[in-house]
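Residue-level structural notes
Below are the chains, spelled out letter by letter.
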Amino acid sequence: MKEQLEQLITDAVGQLKADGILPTDQTVKIQLDRPRDKSHGDFASNLALMLAKPAKMNPRQLAEKVIAAIPANTLIAKTDIAGPGFINFTIAQDQLKGQLTAMLSSADLGVQAADNPKTIVIDYSSPNLAKEMHVGHLRSAIIGDAVSRTAEMLGHTVIRQNHVGDWGTQFGMLLAHMEELDSEAANYELSNLETFYKAAKKRFDESEDFAERARELVVKLQSGDDYCLKLWNQFIDVSLTHCQEVYDRLGVKLTRDDVMAESAYNDRLPGVIEHLKEQGLLVEDQGAQCVFLDEFKGKEGEPLPIIVQKKGGGYLYATTDLAAIQYRQKELGGDYLMYFVDARQSLHFEQIFTLARKAKFIEGDIETQHYGFGTVMGKDGRPYKSRDGGVTKLADLLDEAERRALELLQQKNSDLTAEQQEAVAKVVGISSVKYADLSKNRTSDYIFDWDLMLTFEGNTAPYLLYAFTRVNSIFDKLGERSFDMDADWLLEDERELALANQLVRFEEVVNRVFDKAMPHFLCGYLFELAGYFSSFYEACPILNQEDEAVRNSRLKLARLTANTLEKGLSLLGIPTLEKM
Ligand code: ARG
């Protein structure tokens, strides 16, 4: 609907240009907002205010001209000019009803596939494998997954890339520690990666011989020594298995097949250096190979190097990312590369993108974008820590979520058996953690607060999951009685109309989530949808509605609400429950 309206306004602007009211070379950006106040119609545009100057007209006058130039159509029921010259549009009810019908009859809720589907390579999660996944790994996995699902729904081809760190200097230390233990002890210690890492670090710090051996082992590993590779493989396998357990629990779609580890680029790294040299971009600085780009300067205006090879010959994070970006375009065929990585790496990505283009690692019409995110904070306003002050392991965090969800459910009257309740608690617990993250603006830090996420009040997972079961229960109660899915929509009550208007916004919201890579828009939308449904359900009887035509229409609204909640939550990677 929004698109159709945009098209009509674009046509009107074209007409005004043809009529000499607007300069023909005037660029026009049409912006349509959803007014908060329903009496202002369904969409509002500030177009006349923006174009008053070039048209040399007062905005209200120009607004009249715009309205007059809109081609005949069945979309718009009414236009008004408000305040200094806003144009308010009210959409015809027939359009609304047509849209509702289209949504109800399609598995994708009538969401149109993108006009130009892309191959999108999405880098997300990408933890370092030396340690166990911790709370800092939550956001990339959850947000990246939601955006990937949304992109797929819009008809794009998504290639997931889990760029795990498995090749850094830390691995020397881990291998040295593995070597010291006999295989039984090693297996035992590896069952807790966190402890293993700590033990290795302790050895590294206390013994110079150990540290020396560790450094030796990394060099050997990186040059492909069989013995080192064998130890290393054993470690990586344990670590990746652990990651997979976390993804499966979180309902994050990543699998082993999506892993494209740093080590996988090892053989390409000398080529990266060679290529930079050929392009005349390489500069030696204190023995290290660097690139200096004019775009990047330090605080004092001093040149800022991108180091691609260390003095001893070792390669760096940036070198691998250059190899990876090239691979993503040239071998995976990506035309849009998305990176969901902590905002603190934004300079790194700016440098990589700029250098990759300059050095032609990527070429032509390709979009690259780093989508950063803020930090998960504790209530004390510092990065979230476990009770003992250490980093919180993700596995422990999820255990706690499930435990707390069970407590929450036990406080509530429910006809679930203890066993069912436990299964429901798993979904509620994990969903609460995910939803708390997804519902915050991606770019800001947020405070991790159990009490605010595990409650049936407010914009939370329990609230939405419960809302879904409520809508569903209508159909349970309907039992054998059938209803006519082809019945007419009757939207007489203002609450029916408000609900219908919210339902048809779904497509717009899904597009916004993808365009901005911001799932919180969808959370806000679903929360509002549940609110509109509640008001409707309280005011408009359904099951004991005598008038069959009205009952049918209301049942259809309820069905579509359930479908929309379910689809919306699934885009966030949250499953629905039949009962709670
Ligand atoms: N492993 C890195 C870290 O934990 C994140 C990798 C992100 N992706 C990339 N292509 N650099 O900080």
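Residues numbered from 1 in each chain as written. Predicted model: local features only at pLDDT ≥ 70, side-chain atom pairs only at ≥ 80, totals over all residues.

**Notes on the overall build of the chain**
Note the cut-off: Each helix is a run of H or I in the DSSP string that is no shorter than four residues. Each strand is a run of E no shorter than two, and both are numbered from the N terminus. Three exposure classes are used, based on other C-beta atoms lying within 10 Å of a residue's own C-beta, which is placed from the backbone: buried for 20 or more, exposed for 12 or fewer, and partly exposed in between. Working definition of a contact: two residues with C-beta atoms, positioned from the backbone, lying within 7 Å.
From N to C terminus, the chain includes 21 helices and 13 strands. Once the C-alpha set of the chain is aligned to its principal axes, its extents read approximately 85 × 70 × 40 Å. By residue count, 39% of the 580 residues in the chain fall in the buried class. Expressed as a percentage of contacts within the chain between residues at least 6 apart in sequence, the contacts between residues at least 24 apart total 72%.

**Considering the nonpolar core**
Test applied: To count as a nonpolar core, a set of buried Ala, Val, Leu, Ile, Met, Phe, Trp, Tyr and Cys residues must be joined through C-beta atoms within 7 Å. For the purposes of this description, domain bounds are those given by an automatic or database domain assignment.
In this structure, Leu-464, Leu-526, Phe-533 and Leu-565 are the most contacted members of the largest nonpolar core, which totals 127 residues. It is helix 20 (residues 520–539) that provides the largest number of residues to this core, a total of 10 residues. A domain-level breakdown of this core finds at least three residues from each of domain 1 (2–91) and domain 2 (170–260). Once residues within four sequence positions are removed from consideration, Phe-533 is found in contact with Ala-467, Val-471, Leu-499 and Thr-561.

**Quick word on helix 3 (residues 59–69)**
Basically, it comes down to this: Regarding the arc, it is the one traced by the directions from the helix axis to the C-beta atoms.
The complete set of buried residues in helix 3 reads Pro-59, Leu-62, Ala-63 and Val-66. Along helix 3, the residues classed as buried sweep out an arc of 105° about the axis, all on the same side. Turning to helix 3, the residues buried within the fold contact helix 1 (2–18), helix 2 (47–55), strand 3 (76–82) and strand 4 (86–91).

**Concerning the sheet that holds strand 11 (residues 367–371)**
Neighbouring strands of a sheet are bound in pairs by backbone hydrogen bonds; such pairs are parallel or else antiparallel. Basically, it comes down to this: For two strands to pair, DSSP has to find at least two bridges joining them. Geometry is summarised by axes, namely lines fitted to C-alpha atoms with helices restricted to the contacting stretch, and by angles between N-to-C directions that run from 0 to 180 degrees.
Sheet architecture is open: four strands sit in the order 6-5-10-11, paired in parallel fashion. Because the sheet does not close on itself, it has two edges, and the strands there are strand 6 (157–161) and strand 11. The average angle at which neighbouring strand axes cross in this sheet is 20°, direction not considered. Note: strand 10 (residues 336–340) against strand 11, five bridges, orientation parallel. Following the sheet pairing, Phe-340 is matched in strand 11 by Tyr-371.

**Quick word on the sheet that holds strand 1 (residues 32–33)**
The four strands are arranged 1-2-4-3 in an open sheet whose pairing can be described as antiparallel. Each having just a single partner strand, strand 1 and strand 3 make up the two edges of the open sheet. Looking at chain direction, strand 2 (residues 43–45) and strand 4 are connected through three bridges and run antiparallel. For Phe-43, the partnering residue across the bridge sits in strand 4 and is Phe-89. Sheet strands touched by helix 3: strand 3 and strand 4. Its angle to strand 3, the strand with the most contacts, is close to 170°.

**Let's talk about the site of the ligand**
Filter applied, for reference: Using a C-beta atom placed from the backbone, a residue is described as near a molecule or strand when that atom lies within 6 Å of it. Gly is placed with the polar residues, together with every amino acid not listed as nonpolar (Ala, Val, Leu, Ile, Met, Phe, Trp, Tyr, Cys and Pro) or charged (Asp, Glu, Lys and Arg).
Neighbouring residues of the ligand: Asp-123, Ser-126, Pro-127, Asn-128, His-163, Gly-165, Asp-321, Ala-324, Tyr-339 and Val-341. Of the residues contributing to the shell around the ligand, the split by class is four nonpolar, four polar and two charged.

**Section: the packing of helix 2 against helix 3**
Under the convention used in this document: When describing relative orientation, an angle under 35 degrees is termed roughly parallel and one over 145 degrees roughly antiparallel, while 65 to 115 degrees is termed roughly perpendicular and anything else oblique.
Two numbers describe how helix 2 lies on helix 3: the axes approach to 8 Å, and their chain directions differ by 105°. Considering the angle they form, helix 2 stands roughly perpendicular to helix 3. Contacts between helix 2 and helix 3 pair Leu-47, Ala-48, Leu-49, Leu-51, Ala-52 and Ala-55 from the former with Pro-59, Leu-62, Ala-63 and Val-66 from the latter. Of the residues in the contact of helix 2 with helix 3, the class split is 10 nonpolar, no polar and no charged.

**Brief notes about the domain arrangement of the chain**
According to the domain assignment, the chain contains domain 1 (2–91) and domain 2 (170–260). Relative to domain 2, the C-alpha centre of domain 1 lies at a distance of 62 Å.

**Focus on the pairing of strand 10**
We apply this condition: With its strands directed away from the observer, a crossover is right-handed exactly when the path from the first strand over the helix to the second travels clockwise.
Here strand 10 lies mainly inside the structure; four of its five residues are buried. In the sheet, strand 5 (residues 119–123) pairs with strand 10 via four bridges, with the strands oriented parallel. Residue pairing in the sheet places Asp-123 in a bridge with Tyr-339 of strand 10. On the question of chirality, the crossover connecting strand 10 to the parallel strand 11 by way of helix 13 (residues 346–358) is right-handed.

**Some details on helix 19 (residues 506–516)**
Residues spaced three or four apart along an α-helix face the same direction, because each turn holds 3.6 residues. For helix 19, every residue scored as buried is listed here: Phe-506, Glu-507, Val-509, Val-510, Val-513 and Phe-514. What you see down the axis of helix 19 is that its buried residues fit within an arc of 165°, all on one side. On the buried face of helix 19, the contacting elements are helix 5 (138–153), helix 18 (494–503), helix 20 and helix 21 (548–571). With its phi angle positive at about 55°, Ala-517 sits one or two positions after the end of helix 19.

**With respect to unusual backbone geometry**
Even without glycine at this site, Gln-286 takes up a positive phi of about 45°. Looking at the secondary structure, you find Gln-286 in the loop between strand 7 (282–285) and strand 8 (288–297). Under the C-beta neighbour-count criterion, Gln-286 is labelled exposed, with 8 such atoms within 10 Å. One non-glycine residue, Lys-360, adopts positive backbone phi at about 60°. With 12 C-beta atoms counted inside 10 Å, the residue Lys-360 sits in the exposed group.

**Some details on the environment of Arg-442**
Its place among the elements puts Arg-442 in the loop between helix 15 (418–438) and strand 13 (446–447). Along the backbone, Arg-442 and Ala-102 are 340 residues apart, and their C-alpha atoms lie at a distance of 32 Å. With residues up to four places along the chain from it excluded, the contact list for Arg-442 reads Ile-143, Tyr-371, Phe-373, Ala-517, Met-518 and His-520.

**A word on the packing of helix 1 against helix 3**
Two measures define how a pair of helices packs: the angle their axes make with one another and the distance between the axes. Helix 3 packs onto helix 1 with a crossing angle of 110° between their chain directions and a minimal axis gap of 8 Å. In terms of orientation, helix 1 and helix 3 fall into the roughly perpendicular class. Within the contact between the two elements, helix 1 uses Ala-12, Gln-15 and Leu-16 and helix 3 uses Lys-65, Val-66 and Ala-69. Looking at the contact of helix 1 with helix 3 residue by residue, the class counts come to four nonpolar, one polar and one charged.

**Here we look at the environment of Ser-126**
Here Ser-126 lies in the loop between strand 5 and helix 5. Take Ser-126: there are 22 C-beta atoms within 10 Å of it, and that puts it in the buried class. Remark: the alpha-carbon pair of Ser-126 and Thr-319, spanning 193 residues in sequence, is separated by 16 Å. With residues near it in sequence (within four places) discarded, Ser-126 still touches Ser-140, Asn-162, His-163, Val-164 and Val-341.

**A look at the UniProt feature "coiled-coil region" (unreviewed entry) in the chain**
Where we set the bar: UniProt positions are given in the numbering used here, feature names are shortened, and annotations may be inferred rather than shown by experiment.
UniProt records the feature "coiled-coil region" (unreviewed entry) for residues 391–426 in the present numbering. Taken end to end, residues 391–426 is 72% helix and 0% strand, and its first and last C-alpha atoms sit 23 Å apart.

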